[in-house]
Amino acid sequence: MTIIIKGANTPLPGGPFRIAVAREDRPGAPLVAATAVLLDAAGRVRGEADVVRGDRPSHPSGAARHLGGAAEGGLLVQRLEVDEEAVEPAVQRVLIVVLAAGGTFGAVAGLSVEVAGGEGPPVARYEVTDAGGETALVLGECYRRNGAWRFRAVGQGYSAGPAALAADYGIPPEALPAAPVPGPAMTEVHKESAPPTGAIPGGAMGLTASDTAPGGATAAADPGRAPAGGRQETGGSVAASGAQLTAQAASLAASLAKMLGPTAGSEQGSVPVPASEVFHEAHGEGDQVLSFGRPAPKGPLIIEMSVAGGGRFTVAALDGEDAQDHVLLDTTAPIREARVLAVRGKRALRLRVEAAGAWTLRVLSLGAARRLDGTVSGTGPDVLLHDGPAADLTLSHHGQPSARFEAATAPLDRVEPARRKPLADDDDRVEATHPVPAGPLLVLVSAEAGWTAELTPAPGHHRTPEEAERARARSLATGVYEGRGKLELTVVNPEPGRPAVVEFERTRVPERHSWFWIWRLDETGEVDQLSIFSTTRDARGQLLVFAKGEPEVRVRVEGSGDWRLRVRPLDTVEALGKSAKGRGQAVLRYAGPPALIRATCEGSEETDSYVHTVQPDGTSDRVGMIGTRRPMTGPLAVGPEGWCHVVVKLDHAASWKLEVLPLADAREVKRKLSGHGWELVEMTDSAAKVEVRVDPGAETDTIVLATMDANLRPERQLCAGPGVYPVPSGLIGVRTTEKWSLKVRR
């Protein structure tokens, strides 16, 4: 993840974009409400609907959603989602706005915004550090540029409050949320389908008093309604009392509220699996239309079917007009039993059954899915539940070449057909192995013959403490740590007291959604980014994990696919002489006096990253930012020990070159000097006033000038933006991503 400053921007990967607005959970702090605002090309809203807020959580187009909030590890987090594929052509920008009540943003500690794309981790984070008397603030914006989406950290505050913000963007005053008040909307996920405890979940579950049959039983069909084609609808029967159904509905509503309304970006495993329940059972023969309302809740359900005799057997879901929406099962194979997944919306679930003989159909909760533990086999369609660690799933198909065989996975909160991830299709005839993430998630099998599914834990993921201990012993003996996806692990230094590096490589990568990065965790759980976020499939490189010779370090690896870490001693690190070349992330060792270091990089795509120096005591200084569009000349800081590490943080898709130059090669500021990006320059005039400028067309006007000490480490900041400042003679560090100029005023 890239930490960006106010005004900076970064490209976004494929969406939907998941946005987390966080602040520290402190007693007495102002309340904060997060809002998404959709703007047209003129920077104005088109109407009240373009403001998406907690009590109106979805845009009519589906382009933006407010997913509610939650308390997470000392933070209060509110989450938004922007589906870039659903954004209308007229919308060019989506603002992320926050409003404060009971105080100003100067009293809100740790306010930040993070943005992630698709199923990947966050790619950008902006931390607000300069808030004061504002009560309305534009944190950032997702915007279109040259056919792609980017995120910009805006940080624009309004001391005059929401009214001033509304005036800037043409927002109707009534469209902004009212001043936030204490309550679930500020600390919990919005649960649209959660009823009051102990109550029948009324409108949220689609229930009304008229849905209850005499005596408290529930009608499972709509008798007497003539379907298309003239067939008579038949009601099913439910073997439960009204009181039991009320309790079941209330209990399951609470489970489904969590399942259908989780915080955006929640990890696999956070969605609970509801208990196994039977909501309806219907028996019939031939062609019929069934309607299932309460107690079956909104959301995903399992339809279990059995049929007597042969011939065609078809079950299809119907829309509100009784037209066929999609087919759940359509086969002429000799299948006698099948399980498929259906999703009930606001209306009752309506199914059309076409069969030559007698049949039985039951509506079940997701908790009734077969557990996928070890080896499971079956014949025909089935719904399996994987609730263990990340694993390899081997699917074997035993049917004839003409028999259909497909499989897909679906998280419990995203079961719609468009969101399922295909695993196997008709080309996987005999056997194929597929990586699956940690559960709970569903494995949906569609088959017309026998099949077998075998699950084995993925590298680094263990079912028992004994397995984990054996893996740890192997890593201690070899210095090699293997894993898949997201894992936290302790990496051990084979020579405590001496610095060491960790080499990383990706060993098996999925074709889609490729991403990878590594974090270091301290004793309190705080994180420090070791590697940059990379989408390169063959990413590999070196990380200075044991900079101070620590005996062990706790790290978090996040990525798609399999990966390997290997601890290596310091003598394997390349020495930096006059120059060095490489690709991706690397660690080099420099021994010599302080000097200039010039860095360039090349790549097929626009890339920006950093070069750092790390001293023997583990302290780090940023040399500068390098990019494919510009080189960088910065300070090679060396302490009294006479040596340092040089760390290059660059995506493996780009190559780099470093050159060590004498300090005399620093460009001099005599009358006027221009440049682009980071640079170390020499001021020749004593105590001159310098006009500092940034290119007017730049995306940010942030520019920092700082003096350097004798070791070429930053000493004193002179400015943080354009203006006229006194600048002493000597070496001066210029830090900006934009084009700049320095002009001496006489």
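All values reported here derive from a predicted model rather than from experimental measurement.

**Quick look at the overall build of the protein**
Argument step 1. Scanning the protein from terminus to terminus reveals four helices and 55 strands.
Argument step 2. For the protein, buried positions account for 51% of its 746 residues.
Argument step 3. In the protein, once contacts between residues fewer than 6 apart in sequence are set aside, the share between residues at least 24 apart is 75%.
Argument step 4. If you sum the accessible surface of the protein, you get close to 32200 Å²; carbon and sulfur atoms cover 49% of it.

**Considering the sheet that holds strand β32 (residues 500–508)**
Argument step 1. The strand order across the open sheet built from four strands is β30-β37-β32-β35, with neighbouring strands paired in antiparallel fashion. Strands with a single pairing partner mark the edges of an open sheet, and in this sheet they are β30 (480–484) and β35 (540–546). Across the sheet, the mean angle from the axis of one strand to that of its neighbour is 25 degrees, orientation sign disregarded.
Argument step 2. Pairing between β30 and strand β37 (residues 562–569): five bridges, direction antiparallel. Bridge pairing in β37 places Glu 482 opposite Arg 564.

**A look at the packing of aromatic side chains**
Argument step 1. Applying the stated criterion across every chain, the model contains five aromatic pairs.
Argument step 2. Here Trp 517 and Trp 519 contribute two aromatic rings whose centre-to-centre distance is 4.9 Å and whose plane-to-plane angle is 75 degrees, an arrangement assigned as edge-to-face.
Argument step 3. Overall, Trp 519 belongs to the buried group, its relative accessible area being 7%.
Argument step 4. For Arg 152, the ring lying beneath its charged end belongs to Tyr 143, and the centroid distance is 4.2 Å.

**Brief notes about helix α4 (residues 465–478)**
Argument step 1. In a regular helix each residue adds 1.5 Å, so 14 residues correspond to 20 Å; α4 covers 20 Å between its end C-alpha atoms and thus fits that length.
Argument step 2. With its phi angle positive at about 75 degrees, Gly 479 sits one or two positions after the end of α4.

**Quick notes on the nonpolar core**
General note: in soluble globular proteins, nonpolar side chains tend to be found buried as a group.
Argument step 1. Formed by 36 residues in total, the largest nonpolar core has its most connected members in Ile 19, Val 21, Val 98 and Leu 111.
Argument step 2. Elements with a contribution of two residues or more to this core: β3 (17–24), β4 (31–40), β7 (75–82), β8 (91–101), β9 (112–117), β10 (122–127), β11 (136–145) and β12 (148–158).

**Quick notes on unusual backbone geometry**
Excluding glycine, residues mostly have negative phi values, and the peptide bonds linking residues are mostly trans.
Argument step 1. For the peptide bond that leads from Gly 439 to Pro 440, omega is 10 degrees, which places it in the cis range.
Argument step 2. One can find Pro 440 in the loop between β27 (431–436) and β28 (441–447).
Argument step 3. Positioned with a positive phi, Leu 712 is a non-glycine residue whose angle comes to about 70 degrees.
Argument step 4. A relative accessible area of 4% means that Leu 712 is categorised as buried.

**Some words on the environment of Gly 730**
Argument step 1. Looking at the element boundaries, Gly 730 is found in strand β54 (residues 730–735).
Argument step 2. The spatial distance from the C-alpha of Gly 730 to the C-alpha of Asp 685 is 8.6 Å, given a sequence separation of 45 residues.
Argument step 3. What Gly 730 contacts, discounting residues up to four positions off in sequence, is Val 681, Glu 682 and Met 683.

**Details of helix α1 (residues 162–169)**
Argument step 1. All buried positions along α1 are accounted for by Leu 165, Ala 166 and Tyr 169. Axial view of α1: buried residues confined to an arc of 100 degrees, hence all on one face. Residues of α1 that are exposed and angled more than 90 degrees away from the buried face: Ala 163 and Ala 167.
Argument step 2. Taken together, the buried residues of α1 touch β4, β8, β11 and β12.
Argument step 3. Note on α1: the residue one or two positions beyond its end, Gly 170, has a positive phi of about 65 degrees.

Scoring rules and cut-offs
- Residues numbered from 1 in each chain as written.
- Predicted model: local features only at pLDDT ≥ 70, side-chain atom pairs only at ≥ 80, totals over all residues.
- Heavy atoms only, no water.
- Helix = DSSP H or I, 4+ residues; strand = E, 2+ residues; numbered from the N terminus.
- Buried < 20%, exposed > 50% of the residue type's maximum accessible area, 1.4 Å probe, protein only.
- Contact = heavy atoms within 4.5 Å.
- Areas by Shrake-Rupley, 256 points an atom, 1.4 Å probe, with all protein chains shown as cover.
- Pairing = 2+ DSSP bridges.
- Axes fitted to C-alpha atoms, helices over the stretch in contact; angles between N-to-C directions.
- Phe/Tyr/Trp six-rings, centres within 6.5 Å; stacked < 30°, edge-to-face > 60°.
- Lys NZ or Arg CZ within 6 Å of the ring centre and 35° of its normal.
- Expected span 1.5 Å × (residues − 1).
- Core = buried A, V, L, I, M, F, W, Y, C linked by side-chain atoms within 4.5 Å.
- Arc of directions from axis to C-beta.

Just geometry here; none of it tells us what the structure is for.
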